[in-house]
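Given next are the chains, with one letter for each unit.
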Amino acid sequence: MTSDLDELYQSVILDHNKSPRNFAALADATSHAEGRNPLCGDAYTVWLRMEGDRIADAAFQGVGCAISKASASLMTTAVKGKTAAEAEALFERFHEMLTGGATDLTGMPGGVKALSGVKAFPMRVKCATLSWHAMREALRSESK
Ligand code: ZN
């Protein structure tokens, strides 16, 4: 990865931290779940509004570090409009991007790739993944 790309990715995270997308409580949500990282002090609620099998809307609120907030912002943006199965698949790829050996990012949403650099900081991986875990938990509570 070139340093230009590093800078681009850095700017995506800074932008989403400063102006988080979908940063609101979702009044008509069909499910929600909470994600916490006590080590860092990150605490978020993720809401989903399902229409059939599709995520019609996604939003989050809470407090935490720049990485956790940017990741939640990117996550809600990425899963909106996706089916539950597509969101689960994206979760798996995202998790693998940060914890596994695979580095093939083909087809990953552009902004989400910006978080791949977090992999170099194992202490921060939880910051990046907690809202994704909450999203998946909300998805699964929906299908019960
Ligand atoms: Zn954090």
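The structure we're discussing is the one just above.
If you're wondering where the values come from, they're calculated on a predicted model, not measured in any experiment.

Caption draft 1: Region of interest: the packing of aromatic side chains. This model, assessed by the stated rule, comprises three aromatic pairs. When the ring of Phe23 is compared with that of Phe60, the centres are 5.1 Å apart and the planes differ by 65°; the resulting orientation is edge-to-face. Taken together, the residues span a long stretch of sequence, with Phe23 in the loop between α1 (3-18) and β1 (31-37) and Phe60 in strand β3 (residues 54-63) at a distance of 37 residues. With a relative accessible area of 0%, Phe60 lands in the buried category. Measuring from centroid to centroid gives 5.8 Å for Tyr44 and Phe60, while their planes differ by 55°, and the two rings are tilted. Here Phe60 lies in strand β3 and Tyr44 lies in strand β2 (residues 42-51), a separation of 16 residues in the sequence. Owing to a relative accessible area of 3%, Tyr44 belongs among the buried residues under this scheme. By the ring-pair criterion, three or more aromatic residues cluster together here, those being Phe23, Tyr44 and Phe60.

Caption draft 2: Region of the structure containing the nonpolar core. With 41 residues, the main nonpolar core has Phe94 and Met135 as its most contacted residues. Residue assignment for this core shows that the elements contributing at least two residues are α1, β2, β3, α2 (66-79), α3 (84-99) and α5 (122-142). If one sorts the elements of this core by residue count, α5 sits on top with nine residues. With sequence-adjacent residues up to four places away left out, Met135 is seen in contact with Val46, Leu48, Met75, Val79, Ala87 and Phe91.

Caption draft 3: Region of interest: the pairing of β1. What you see with β1 is a clean split: Ser31, Ala33, Gly35 and Asn37 sit on the buried side and His32, Glu34 and Arg36 on the side with no burial. Where β1 and β2 come together, seven bridges link them in antiparallel fashion. Across the sheet, the residue bridging to Ser31 is Leu48, located in β2. A loop of four residues connects β1 with β2, the two strands running antiparallel in sequence, and Gly41 in this loop sits at a positive phi of about 90°.

Rules used throughout
- Residues numbered from 1 in each chain as written.
- Predicted model: local features only at pLDDT ≥ 70, side-chain atom pairs only at ≥ 80, totals over all residues.
- Heavy atoms only, no water.
- Phe/Tyr/Trp six-rings, centres within 6.5 Å; stacked < 30°, edge-to-face > 60°.
- Helix = DSSP H or I, 4+ residues; strand = E, 2+ residues; numbered from the N terminus.
- Buried < 20%, exposed > 50% of the residue type's maximum accessible area, 1.4 Å probe, protein only.
- Core = buried A, V, L, I, M, F, W, Y, C linked by side-chain atoms within 4.5 Å.
- Contact = heavy atoms within 4.5 Å.
- Pairing = 2+ DSSP bridges.

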